[in-house]
Amino acid sequence: MSLDHSSVTMQPAAAPSAPPPVPWKPSIVAEVAKVVANTAVNAEYRHLVVDCSEIAASARPGQFFQLLCPHPVGEQPFLRRPMSLYGADRTRRRVEFLYKVTGAGTRGLDTIEKGGTLDIMGPLGQGFTLDSKWRHVVAIGRGAGLATLAPLAKAAKANGTKVTAILSARRPELLVSVDIFKRHGADVVPVTDSEQTSGPGNVERILRGLIAEGRCDAFFTCGSIRLMRVQQRLAIEFGLPGQVAMEQQMACGIGLCYCCVRDFNVAGEIVNRRVCWDGPVFDLLEALP
Amino acid sequence: MSLDHSSVTMQPAAAPSAPPPVPWKPSIVAEVAKVVANTAVNAEYRHLVVDCSEIAASARPGQFFQLLCPHPVGEQPFLRRPMSLYGADRTRRRVEFLYKVTGAGTRGLDTIEKGGTLDIMGPLGQGFTLDSKWRHVVAIGRGAGLATLAPLAKAAKANGTKVTAILSARRPELLVSVDIFKRHGADVVPVTDSEQTSGPGNVERILRGLIAEGRCDAFFTCGSIRLMRVQQRLAIEFGLPGQVAMEQQMACGIGLCYCCVRDFNVAGEIVNRRVCWDGPVFDLLEALP
Amino acid sequence: MIGPFSIDLSVEVGGIKLRNPVMPASGTFAEGLEKVIDFNRLGALVTKTVTRELRAGNPLPRVVERPGSLINAIGIPSKGVPHFIEKIIPQYAAYDPPLVVSISAPTAEGFASLAAELTLPGVSVIEANISCPNIEEDGKAFAMRAESAEKVTRQLRSATKLPLWVKLTPNTGEIAEVARAVEGAGADAVVVANTFLSMAIDLKTFKPCLGNIMGGLSGPAIKPIVVRQVFQCAKSVKIPIIGCGGISSAEDAIEYMLAGASAVQVGTATFLQPAAMVSIIDGIEMFCLQREISSVTELVHGVVIEEADDQDLAWLSPPT
Amino acid sequence: MIGPFSIDLSVEVGGIKLRNPVMPASGTFAEGLEKVIDFNRLGALVTKTVTRELRAGNPLPRVVERPGSLINAIGIPSKGVPHFIEKIIPQYAAYDPPLVVSISAPTAEGFASLAAELTLPGVSVIEANISCPNIEEDGKAFAMRAESAEKVTRQLRSATKLPLWVKLTPNTGEIAEVARAVEGAGADAVVVANTFLSMAIDLKTFKPCLGNIMGGLSGPAIKPIVVRQVFQCAKSVKIPIIGCGGISSAEDAIEYMLAGASAVQVGTATFLQPAAMVSIIDGIEMFCLQREISSVTELVHGVVIEEADDQDLAWLSPPT
Ligand SMILES: Cc1cc2nc3c(=O)[nH]c(=O)nc-3n(C[C@H](O)[C@H](O)[C@H](O)COP(=O)(O)OP(=O)(O)OC[C@H]3O[C@@H](n4cnc5c(N)ncnc54)[C@H](O)[C@@H]3O)c2cc1C
Ligand SMILES: Cc1cc2nc3c(=O)[nH]c(=O)nc-3n(C[C@H](O)[C@H](O)[C@H](O)COP(=O)(O)OP(=O)(O)OC[C@H]3O[C@@H](n4cnc5c(N)ncnc54)[C@H](O)[C@@H]3O)c2cc1C
Ligand SMILES: Cc1cc2nc3c(=O)[nH]c(=O)nc-3n(C[C@H](O)[C@H](O)[C@H](O)COP(=O)(O)O)c2cc1C
Ligand SMILES: Cc1cc2nc3c(=O)[nH]c(=O)nc-3n(C[C@H](O)[C@H](O)[C@H](O)COP(=O)(O)O)c2cc1C
Ligand code: FES
Ligand code: FES
């Protein structure tokens, strides 16, 4: 096993920069943001909107923030919690998150009220890259991946790229981001466990159809190993590019601690990369489950 | 120096009991009480009212509670904080506190809103004793002592004892408990630094007057070393009894840890007692500054 | 299916059977607690350390708080052995749980003679506090080294027929070796551990926050270190281990038991929640019920150590 | 009256002058932080420990959080010395603060040869991490005992002309003796200290929370113990001490300096507040300004130890 910490080349935006110019300016900030909304969108997910600085609001699709969660009663989450950018508005200086309450940290997030504050740190990591040549792309998400992929909708529209979003959930009412994709002109194909449409077989069938119609110049995916595998197979079979956003437990979020490493297959060799710094978005074919 | 941890005899109410009867029942509880009010009474003091259990509501004058203070932003008070009973209503199951925001713990108390909760533990310690033979007593307080002495007003009235309350503060608007004393028929003599009436000389003059008029069968005091010394001198001179409520930093509040000890002069010998368990109310003449 | 009453909470700890594995830590327990909890619920009762010498204890302030922890330098105020025998031991006579008497002395001979004198009816266990950081200068104590721990234990062993528990210090770099030495010298159990020698300085006065300059750290902050020490001792000795350090919930107690403790002592938590020990006992029973564990002894040293596998997977959402 | 610019924040630490006493702790600093803070504000830059062997680091999970603390078992992933010389050292060439290179090796000879090889332009200090608890089995490391610490330091000393800092472990019971041994062997400063060997167990799976089973505890929870160790070392050695452990505010840094540290390292706090080091520098300056302290060196070992007096008084309200 070799180790490879060099930054992936997909998107140079947040890559290590040259020695600092004078005067020095931060491109990542930890700041106390004002909470504009923190409301349930369904039984599982909550939508958090905060007013922030220009730097934070310049976050791009696939990037993430590290949130310093308040302590819920009886618990003391110590580390920050990574959350994907769900939406950013540069002019209104606002960022949005979509989160599921799972443990101490997200339970803490849940306690914040409108008008309250939240310490956010970002924008972090390497986001998605949209090639201007791509006419049609497919976004396939499940779980937190639905949040992570959402900002692609707006970015693709701006790029003149058409999106088909295959959004997966256990039940139809647990689907999120459908409206965002539709609002930006994407075709949305909801698939769910309860309707038995979310299995890898059915998703592969849908994808083969899109590929046949010439509507899949690239894959974007997040949140499901099984669906990632389907796409990896099709990407190889049809020679298509793809990007996947990965998750891993994080401490620092900015490449200092090496707790968030994963293995990647780079040209047959297993290399070790930091999800927070070299990712979270990686080349689809390099990702290992 | 000898050590004397035996319980003082003033008031047997909370003294160590015999081996537990069956079934066992607690006489001190830590419970999550509901906050009915938590409001400023002046620039320094806040008034906290909570709904509680019957056991907590049975607290008597001079006893105290240990409050588990919420964490204010950026601070983590670890220990409970001792607060004197300011008022108790057994039938409505309610206790009251009057506190000054001084450090991390009381800053935490300050954040609790009406309808919120507070973990209170009590009633603790040995309170004041009122002898049924006493017709007139004098209560002299300053600082937190104003809160500690307040519930004496009601108890004395019930006992048929008349109270003169000499209440001391830096400025008139910082005086508290005046209304409580007046409501229960006490004479209130406010003395303040700004009016230059609070010095030991003036207080001694007032006390000598009361003693001369036969209106001082006993002293009750809390919150000022200098005023305690005046009373000790007069108590010796006129052979009067007295009780003083002492303060000391506490950890457990129930006699387990021995961090709250003070020295006392018991018949010429220096003995060491736990303020939380043997006090906080002690014999005036035994107290050392 | 396991019913609530079919869970056996009893444990055998160093020569004595306890109805459950939860007891107070020395110095954090006294008669006053009887007003808050029913002593008959506890696995054992443990006295504050007693010494032969009359001691006043340390100068004030005796405690200072830190986030998630307490530093104490109470010292060991002691009114001597006769007072202890006449006043303290009888206080606990009416309760069912065995009485553990904690002792300390400046010399091995002192320890032995104190143990002999306190081998009395009403006393079930001698706990030798050979670790109190306040006693020996700069925190050095018998429990810092295997040799000195062995020597004092050997003398203690020949001085009393009572079960002998030896309380270790976490301030040593060789706790597993010390535990093994103490086991070899005849101890029936080890208590792991006492407090961490610590210091806090007041930024207003530049003076130490404690009258004694240094003191012992206790509370939730120390738990991960002491859990590791229990785990290391469990690999090193066969006698039971009593875990102690930062336990404030049933989960904490169970974590200690999984690491290798047969029983636990609860100290600082009682200052914050005076009924903590009873909640912990109830919580352990509930945990066993939910996990269908019929005897709490199944938890002891139950930690599962296996070869590392690709745990990355755990962080991704369940496959669709 | 002292003006803001008349405060001298510079300190002399083990053969080198730093513009201020605040620097990162090894393993919690890398190029990425440059996007958050201006590296030229720091007292020094400190690299992650490098080893000669290629290492993959430990299995996942590599961190687990506890109240007020973090347990890490990252291990020392290393791409070897050539990569370090070609890729890492040059990353810091453009910055003013001196570069401190942290090294580790399994043997004293290994330490010496690595120090020799890394005595290069662009490297200002060698920090020998003789304490990392993950390297040696069960947490035993060179820094556990005075003899082994002395031996490795002596070899290191003859291998490099650069200022030599030796980073100690807090897991030993004899840190002051180890510091003295290291001083005697020629170290220019000691870093007190690395992490506390710790453990956490998952109550769902009964498995250790860390892939490596045990890991090192850092963060605010450990501060009181390490402040005590700095205080003890300061009484034991004349070379400067760099305090490290749980520092997250200027107050924490000042407490360490009062206990005896000439400079401080900040680790875990940077994970929570990436600009923590800069805030700490600003806070120290503000503190000196308010207290009319013209040079930060006045704080070093400034703790006031006096005979205990009747501190009871402090708890009563001011006399009327
Ligand atoms: C780059 C990235 C982007 C993410 N985006 C989103 C998002 O937009 N919406 C969303 O709901 N969730 C997202 N997640 C997952 C989210 O970070 C976790 O759900 C959250 O950290 C759980 O914290 P907790 O305290 O509630 O749970 P706990 O289980 O109590 O957390 C314990 C520890 O495990 C870590 N952890 C737990 N689950 C995960 C996970 N799935 N991934 C990484 N670390 C985890 C926590 O950060 C913490 O350190 C993202 C994760 C990553 C790495
Ligand atoms: C028996 C008793 C009754 C009291 N009753 C009242 C009351 O009715 N109203 C009121 O305003 N105050 C009262 N006090 C004082 C009150 O306990 C302190 O003001 C409070 O503990 C300060 O806590 P803090 O966290 O705000 O301050 P900090 O200074 O941050 O406290 C740090 C530590 O010092 C202790 N401490 C600080 N000041 C005192 C003090 N004066 N006495 C004892 N410990 C102290 C704290 O409990 C804590 O352990 C009483 C104290 C005692 C002992
Ligand atoms: C106030 C206080 C007094 C203590 N006194 C003693 C003592 O007399 N003898 C002893 O062996 N341990 C003593 N200890 C240590 C505790 O028994 C226990 O080992 C330590 O506090 C760690 O457990 P905890 O984190 O649950 O408190 C004392 C601890 C505290 C906090
Ligand atoms: C994630 C992580 C990685 C670390 N890696 C190293 C290392 O490589 N070399 C080293 O000497 N110390 C290492 N340490 C220890 C720190 O340098 C520091 O001594 C310790 O964390 C205590 O300081 P803190 O409480 O400020 O974090 C590491 C600590 C952490 C949290
Ligand atoms: S979270 Fe620290 S390197 Fe990725
Ligand atoms: S506060 Fe513990 S004995 Fe008084």
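Residues numbered from 1 in each chain as written. Chains lettered and ligands numbered in written order. Predicted model: local features only at pLDDT ≥ 70, side-chain atom pairs only at ≥ 80, totals over all residues. Heavy atoms only, no water.

Engineer: Give a description of the pattern of salt bridges that names residues and reports values.
Structural biologist: Tallied over the entire structure, the rule returns 57 salt bridges over all chains. Through salt bridges that share partners, Lys162, Asp187, Glu213 and Arg215 of chain A make up one connected network. (Salt bridge = Lys/Arg side-chain N within 4 Å of Asp/Glu carboxyl O.)

Engineer: So what's going on with the site of ligand 1? Which residues, and what values?
Structural biologist: Taken together, 21 residues are adjacent to ligand 1, and Arg81, Pro82, Gly105, Thr106 and Glu247 of chain A come closest. Chains contributing residues to the immediate surroundings of ligand 1 are chains A and C. Residue glycine 105 of chain A places a main-chain N or O atom 2.7 Å away from an oxygen atom belonging to ligand 1. A distance of 3.4 Å separates an oxygen atom of ligand 1 from a polar atom in the side chain of glutamine 249 of chain A. Contact with the protein chains removes 85% of the 820 Å² of surface that ligand 1 exposes when unbound. For the shell around ligand 1, the secondary-structure elements that each account for two or more residues are β4 (81-84), β6 (94-100) and α2 (104-110) of chain A. Looking at the shell around ligand 1, the element that brings in the most residues is β4 of chain A, giving four residues. The residue makeup of the shell around ligand 1, split by class, is 11 nonpolar, seven polar and three charged. (Near = heavy atom within 4 Å. Polar contact = N/O pair within 3.5 Å; in protein donor to acceptor, adjacent residues only side chain to side chain. Areas by Shrake-Rupley, 256 points an atom, 1.4 Å probe, with all protein chains shown as cover. Helix = DSSP H or I, 4+ residues; strand = E, 2+ residues; numbered from the N terminus. Nonpolar A, V, L, I, M, F, W, Y, C, P; charged D, E, K, R; others polar.)

Engineer: Explain the pairing of strand β6 (residues 94-100) of chain B residue by residue, including any values.
Structural biologist: Residue and element names in this part refer to chain B. Of all seven residues in β6, five are buried; the element is thus mostly enclosed. Note: strand β2 (residues 45-51) against β6, seven bridges, orientation antiparallel. By the bridge assignment, aspartate 51 is partnered in β6 with arginine 94. Alignment of strand β5 (residues 87-89) against β6, held across three bridges, turns out to be antiparallel. Bridge pairing in β6 places glycine 87 opposite glutamate 96. Hairpin connection of β5 to β6: four residues between the antiparallel strands, including arginine 93 at a positive phi of 50°. (Buried < 20%, exposed > 50% of the residue type's maximum accessible area, 1.4 Å probe, protein only. Pairing = 2+ DSSP bridges.)

Engineer: Quick one: what's the story with the packing of helix α2 (residues 108-117) of chain D against helix α3 (residues 146-159) of chain D, residue by residue and with numbers?
Structural biologist: The relative placement of two packed helices is expressed as an angle between their axes plus a distance between the axes. Residues and elements named next belong to chain D. Two elements in contact, α2 and α3, have axes whose closest approach is 8 Å; the angle formed by their N-to-C orientations is 25°. As summarised for this structure, α2 and α3 are arranged roughly parallel, according to the angle between their axes. Relative to α3, α2 is oriented so that their crossing is right-handed. Where α2 approaches α3, its residues Ala108, Glu109, Phe111, Ala112, Ala115 and Ala116 are matched on the opposing element by Lys151, Val152, Gln155, Leu156 and Ala159. (Axes fitted to C-alpha atoms, helices over the stretch in contact; angles between N-to-C directions. Parallel < 35°, antiparallel > 145°, perpendicular 65-115°, else oblique. Left-handed = near helix turned anticlockwise from the far one by under 90°. Contact = heavy atoms within 4.5 Å.)

Engineer: Give a description of the interface of chain D and chain C that names residues and reports values.
Structural biologist: Every contact between the two is made by 56 residues of chain D and, on the other side, 56 residues of chain C. Overall, the association of chain D and chain C removes approximately 4800 Å² of surface from exposure, summing both partners, and the carbon and sulfur fraction of that is 62%. It is Met199, Leu203 and Phe206 of chain D that lose the most area in chain D upon contact with chain C, and together they represent 14% of the buried surface on that side. Linking chain D to chain C there are six salt bridges. Residue arginine 145 of chain D is joined to glutamate 174 of chain C by a salt bridge in which the shortest nitrogen-to-oxygen separation is 2.9 Å. Considering each element in turn, the side of chain D that touches chain C owes the most residues, eight residues, to helix α5 (residues 223-236) of chain D. Split into classes, the residues belonging to the side of chain D that touches chain C amount to 31 nonpolar, nine polar and 16 charged. (Buried area = accessible area lost by both parts, 1.4 Å probe.)

Engineer: How would you summarise the domain arrangement of chain A if you had to cite specific residues and measurements?
Structural biologist: All names here are of chain A. Structurally, chain A comprises domain 1 (29-124), domain 2 (128-245) and domain 3 (246-283). Inter-centroid distance (C-alpha atoms) of domain 2 to domain 3 is 23 Å. If you look at the interface, domain 2 gives seven residues, while domain 3 gives six residues. Both faces combined, the contact of domain 2 with domain 3 buries some 570 Å², and carbon together with sulfur accounts for 62% of it. Seen at the junction of domain 2 and domain 3, the total is zero salt bridges. Connecting domain 2 to domain 3 are one residue pair in polar contact (both at pLDDT 80 or more). (Domains from an automatic or database assignment.)

Engineer: I'd like a rundown of the site of ligand 4, residues and numbers included.
Structural biologist: Taken together, the neighbourhood of ligand 4 is formed by 23 residues, with Ser26, Thr49, Lys167, Gly246 and Thr268 of chain D sitting nearest. Mapping the residues near ligand 4 onto chains gives chains A and D. Within the backbone of glycine 246 of chain D, one N or O atom sits 2.6 Å away from an oxygen atom of ligand 4. When grouped by side-chain class, the residues that make up the shell around ligand 4 number seven nonpolar, 14 polar and two charged.

Engineer: Go over the side chain of asparagine 42 of chain A with me, naming the residues and quoting the values.
Structural biologist: All names here are of chain A. Assignment of secondary structure puts asparagine 42 in the loop between β1 (29-40) and β2 (45-51). A relative accessible area of 15% means that asparagine 42 is categorised as buried. Here glutamate 44 takes part through its backbone nitrogen, which lies 2.7 Å from a polar atom of the side chain of asparagine 42. Apart from the residues lying within four places of it in its own chain, the contact partners of asparagine 42 are Glu173, Leu174, Leu175 and Val176.

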